[in-house]
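# Secondary and tertiary structure notes
Listed here are the chains, written in short residue letters.
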Amino acid sequence: MEPLYKPHGVEERWQRTWEEEGLYAAGAGARHDKTFVICVPPPNVTGALHMGHALNGSIQDLLMRWHRMRGFDTLWQPGYDHAGIATQNVVEKQLALEGTSRKELGREAFVERVWEHLDATGKTIMGQFRRLGASMDYGRERFTMDDAYIEAVMRFFVHLWERGWLYRANRLVNWCPFHETAISDLEVQHVEVDDALTYARYPFADGPLADGRASLTIATVRPATILGDVAVAVNPDDERYRDAIGKEVVAPFVERPVPVIADARVEKEFGSGALKVTPGHDAVDFGIGADHGLPTLTVIGPDGRMNETAGELAGLTQEEADERVVAWLTEHDQLEKRESYRHSVGTCERCHTRIEPLISLQWWCAMEEPARPALDALRERRVRYHPESQHQFAIRSFEEIPDWNISRQLWWGHQQPLWYCPDGHVTCTWPPPEACAECGSAELERDPDVLDTWFSSALWPCATLGWPERTPELERYYPGNVNSTAREIIRLWENRMIWTGLEVMEEVPFTDVIIHSTILAADGRRMSKSLGTGLDPLDVIAKYGADATRYGLLKMSSTQDVRFAEGAIEEGRKLANKLWNVSRLLLSKRAEPVSRPQSLEERWILARIDAVRAEVEEAWAQFDFSPSVQVLYRLIFDDFCDWYAEAIKPRLGESEVRATALAALERLLLLLHPVMPHVTEEIWSQFHVDSPLGRLIVAEWPEAAGTHAADLHAFDRVQEAAAIFRRSGVVVELEDDELRIFAAVVRPERAKTNGNAEAELARLRVEVERGERMLANEKFVANAKPDVVEAEREKLARYRRELDALSG
RNA sequence: GGGCGCAUAGCUCAGCGGGAGAGCGCUCGCUUCACACGCGAGAGGUCCCUGGUUCAAUCCCAGGUGCGCCCACCA
């Protein structure tokens, strides 16, 4: 047989088998009544697997398999998010390529078109999760646009209405001119851009000031918005402009006189220290305008172009309008200067169009009251974020929570259950009303807006289990246990699930939230398709196998941000190959029966595996994965293969030796299975061939083998002796059993015997000296932990023994 | 501007009060019959800087410096 483990074919075969045998299904192999539920972050319905999904899938699958093997009734339910703006964006781009647009199609045809698109190309990511080996219950797939799910969204909206938390208000919102919708602050992406900062002179309306100054200079990056100016503001403490406050200046181009006002929000140091106030198109200015009772002029329309208020500039793009205004300034000698200026501007995270702050009528959900029970839950740690720093962040996010703009002027999504009668009364009921709740008018028109995508996502843990119906699934699997996700959606999703869960179920949806690391590209930049820094996990799986990919990703899961290291994946591939090869060794020999008690190396490896199992399970219980996979690597490579397997190799023909070796291997496979399910199952199946119950995925973890710590110490001594021998050619005193292992592994006939005994002597002398110095230190003996002191004594004694043996 | 985090071997990262570690890369020696995608031996580190706490600091504290990410209304 080829001495190289090839994951391809093997992995796909097991993935099919597990699923066909029903082993991914909820409750498969459950041996007791406790449940373990992971609430999956539903990927976008149009999405493809990226590195974050692969890492998160590896983490969740490790937890699922671990609990399933421990007899829990597990549920890991997959599904998709309709991803309102993202999906609409994809389809609109496609329409643009075809030379048409959603407006030409009309709403109904457009939504139909979205469904067609999803039927053709959507919902592909679950196939990719399968390839990773993720043991989700694929038969229970849910979608936020399923009829039952829509029902849940509508009922929840009405619930919020009845609670009195929903209201409509005209506010400045982030407007995406491409999608022509409001988006939330959280959907705005700030990017650095190079712009020009234009310094324009605004002449005083009543002639020069007493000191002779005829104008006041402002700085702006958007000259076109001068058309919407209603004032010029200066800082009240700014000496330069004290005399100007209360006077009027004339806004250029429109030649409109506007007052000079004082406001502390103006930065003295920026630009000229004077700010043109344009409440219709800037959030700061909106605040200033409101506080000073100024009017609001809107000169830019929902499409991002200048509107009719802009007079002769109406219909122009902002860039064109900027040019016209700058030309006017030049012509009238009111352009002081233009300088290059780098700053950050908001863009739509989906289409990267520059965000336009616009006044707009939107629906909002008041957040202070709904957030309160969730805040308590976090403070009382009924939900815990891991790591702790993210828990603190989640708490702060609830403490200062702005109201939530829930309406979107999109077509793809959940249309709000709001109806207006001709008299302007609002009716909010579900199922849809027959007549206006206030005046009884039957002439009702439904609000055209849809809900923010995250509105439906917030209901994911209970809606996927059937809420608002009290289904058996909801009774059994709510509340769940774990949710795992990326840092950036703590506010968008995690926190919202917590308050909605408390609101409709009166219980938190899960107890632990894992915030996993962000995997950066190898050069430290963010992984992103548009930057060309993305790396497709499916390519990695194709090259190294799913097991190796999972291993590598788990190894990279420790810090907040980690650069992708192919070496970690390679390490996983090596581990799979090593395990596969050592199993070939153990399974290849024919055994003759020889009855005898367990030898030292046998007791040692069983004790080692038990010790590592305790360590690894402890780490997993705390959602700490990276160190555990390295511990497993060391156990398999160093302990099992390099020491144990080498030590027993000469006696593998004895059936007792082989039986113990297979028992030890079996324990290794169990322990490694949650990390590398395929290769472990492949090996396992070679000696558990029968029923589905023989499958490792649902196998039972055995009790500890019950060997002693003394065996660990005895073996340590063999390893140290071997190290000394390899350096110096000298064997220090060993018992019979120990000497046999030493001979089997080190094979003196082949080892170098011209080593450097002098160097070894020198090293030991330094160690002995150090130990003597520490133990002579009274403060150390008095203050250090007793076991630390004891360990020092033991080390000193051992070094003295070795020194004697070598020099004697 | 605010928050979080990082700085340890050439690279990617563990360790986090008492002897500096792993993988990859590098050097040397090994066809040893599970694995040469292997085995063994080795080279390579003021554990970012400066102070402080301590009998003892890579580890704890303070302040620098340099990075990364998230959040935020300097036009």
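Residues numbered from 1 in each chain as written. Chains lettered and ligands numbered in written order. Predicted model: local features only at pLDDT ≥ 70, side-chain atom pairs only at ≥ 80, totals over all residues. Heavy atoms only, no water.

Once that is clear, we can look at the overall build of chain A. Within chain A, the secondary structure is distributed over 27 helices and 25 strands. Summarising its shape, the C-alpha atoms of chain A cover approximately 110 × 70 × 50 Å along the three principal directions. Counting only contacts in chain A whose residues sit at least 6 apart along the sequence, the fraction spanning at least 24 positions is 77%. Entry remark: accessible area of chain A is about 35500 Å², with carbon and sulfur atoms responsible for 49%. Positive and negative side-chain charges of chain A, numbering 93 and 131 respectively, have mean locations separated by a distance of 7 Å. (Helix = DSSP H or I, 4+ residues; strand = E, 2+ residues; numbered from the N terminus. Contact = heavy atoms within 4.5 Å. Areas by Shrake-Rupley, 256 points an atom, 1.4 Å probe, with all protein chains shown as cover. Lys, Arg positive; Asp, Glu negative; His and termini not counted. Charge placed at Lys NZ, Arg CZ, Asp CG, Glu CD.)

This paragraph deals with the environment of V731. Inspection of the secondary structure assignment puts V731 in the loop between α23 (709–728) and α24 (736–746). Judged by its relative accessible area of 37%, V731 is partly exposed. Here the alpha-carbon distance between V731 and L806, two residues 75 residues apart in the chain, equals 8.1 Å. Dropping the residues within four chain positions of it, V731 is found in contact with F725, L739 and F742. (Buried < 20%, exposed > 50% of the residue type's maximum accessible area, 1.4 Å probe, protein only.)

By nearness alone, 62 residues border RNA strand B, and L4, T559, R573, K574 and Y799 come closest of all. When atoms of RNA strand B within 4 Å of the protein are sorted by moiety, sugar and phosphate together comprise 57%. Take S558: an N or O atom from its side chain is 2.7 Å from a phosphate oxygen of RNA strand B. One of the side-chain nitrogen or oxygen atoms of N777 is found 3.2 Å away from a base oxygen of RNA strand B. No other element matches the 10 residues that helix α18 (residues 566–588) contributes to the surface near RNA strand B. Taken together, the residues of the surface near RNA strand B break down into 19 nonpolar, 15 polar and 28 charged. (Near = heavy atom within 4 Å. Polar contact = N/O pair within 3.5 Å; in protein donor to acceptor, adjacent residues only side chain to side chain. Nonpolar A, V, L, I, M, F, W, Y, C, P; charged D, E, K, R; others polar.)

A few words on empty space enclosed by the protein. Counted by the stated rule, this structure contains four cavities of 30 Å³ or more. Considered as a void within the structure, the largest cavity measures approximately 110 Å³ in volume. At the level of elements, β1 (35–39), β2 (73–77) and α13 (460–463) are the ones that each hand at least two residues to the lining of the largest cavity. The dominant element in the lining of the largest cavity, judged by the number of residues it contributes, is β1, at three residues. (1 Å grid on protein atoms, 1.4 Å probe; cavity = no way out; pocket = protein on both sides within 12 Å on 5 of 7 lines; lining within 4 Å. Points joined across faces, edges and corners; volume = space filled by probe spheres on them.)

The next subject is the sheet that holds strand β12 (residues 274–277). Backbone hydrogen bonds are what pair the strands of a sheet, in a parallel or an antiparallel way. With mixed pairing, the four strands of this open sheet are ordered in space as β10-β11-β9-β12. Only two strands of the sheet have a single partner each, and these edge strands are β10 (248–251) and β12. With strand direction ignored, the average angle separating the axes of adjacent strands in the sheet is 35°. Pairing of strand β9 (residues 231–234) with strand β11 (residues 256–262), which is carried by three bridges, proceeds in the parallel orientation. The partner of A233 across the bridge, within β11, is I261. (Pairing = 2+ DSSP bridges. Axes fitted to C-alpha atoms, helices over the stretch in contact; angles between N-to-C directions.)

With 97% of its residues at a pLDDT of 70 or more, chain A shows a mean pLDDT of 87. Mean pLDDT values over the elements of chain A span from 79, in helix α25 (residues 757–776), up to 96, in β2. Scoring the predicted complex yields pTM 0.88 and, for the interface, ipTM 0.93. (pLDDT = per-residue confidence, 0-100.)

Here we take up the pairing of β1. Among the five residues of β1, four are classified as buried, and the element is accordingly described as predominantly covered. The pairing of β1 with β2 spans five bridges and is classified as parallel. Each residue of the ladder has a partner; that of I38, found in β2, is W76. With helix α2 (residues 51–69) bridging β1 and its parallel neighbour β2, the resulting β-α-β unit is right-handed. In this sheet, strand β22 (residues 482–485) lies alongside β1 in parallel orientation, the contact comprising two bridges. Within β22, the residue paired with C39 across the bridge is N483. (Right-handed = clockwise from strand over helix to strand, strands pointing away.)

Taken in spatial order, the three strands make up an open sheet running β8-β7-β13, and their pairing is antiparallel. On the outer flanks of this sheet lie β8 (215–220) and β13 (335–348), each paired with one strand and no other. Across the sheet, the axes of successive neighbouring strands diverge by a mean angle of 20°, strand direction being ignored. Examined bridge by bridge, strand β7 (residues 188–203) and β8 share six bridges and lie antiparallel to one another. Its bridge partner being in β8, Y199 is matched across the sheet by A219.

Our next topic: the pattern of salt bridges. Taken as a whole, this structure holds 55 salt bridges when the rule is applied. Between R487 and D561 there is a salt bridge, and its shortest N-O distance comes to 3.1 Å. One end of the pair, R487, is in the loop between β22 and α15 (490–505); the other, D561, is in strand β25 (residues 561–563), with 74 residues separating them in the sequence. Taking the relative accessible area as the measure of exposure, R487 reaches 23% and is therefore partly exposed. A salt bridge links R793 to E790; the nearest nitrogen and oxygen atoms lie 3.7 Å apart. (Salt bridge = Lys/Arg side-chain N within 4 Å of Asp/Glu carboxyl O.)

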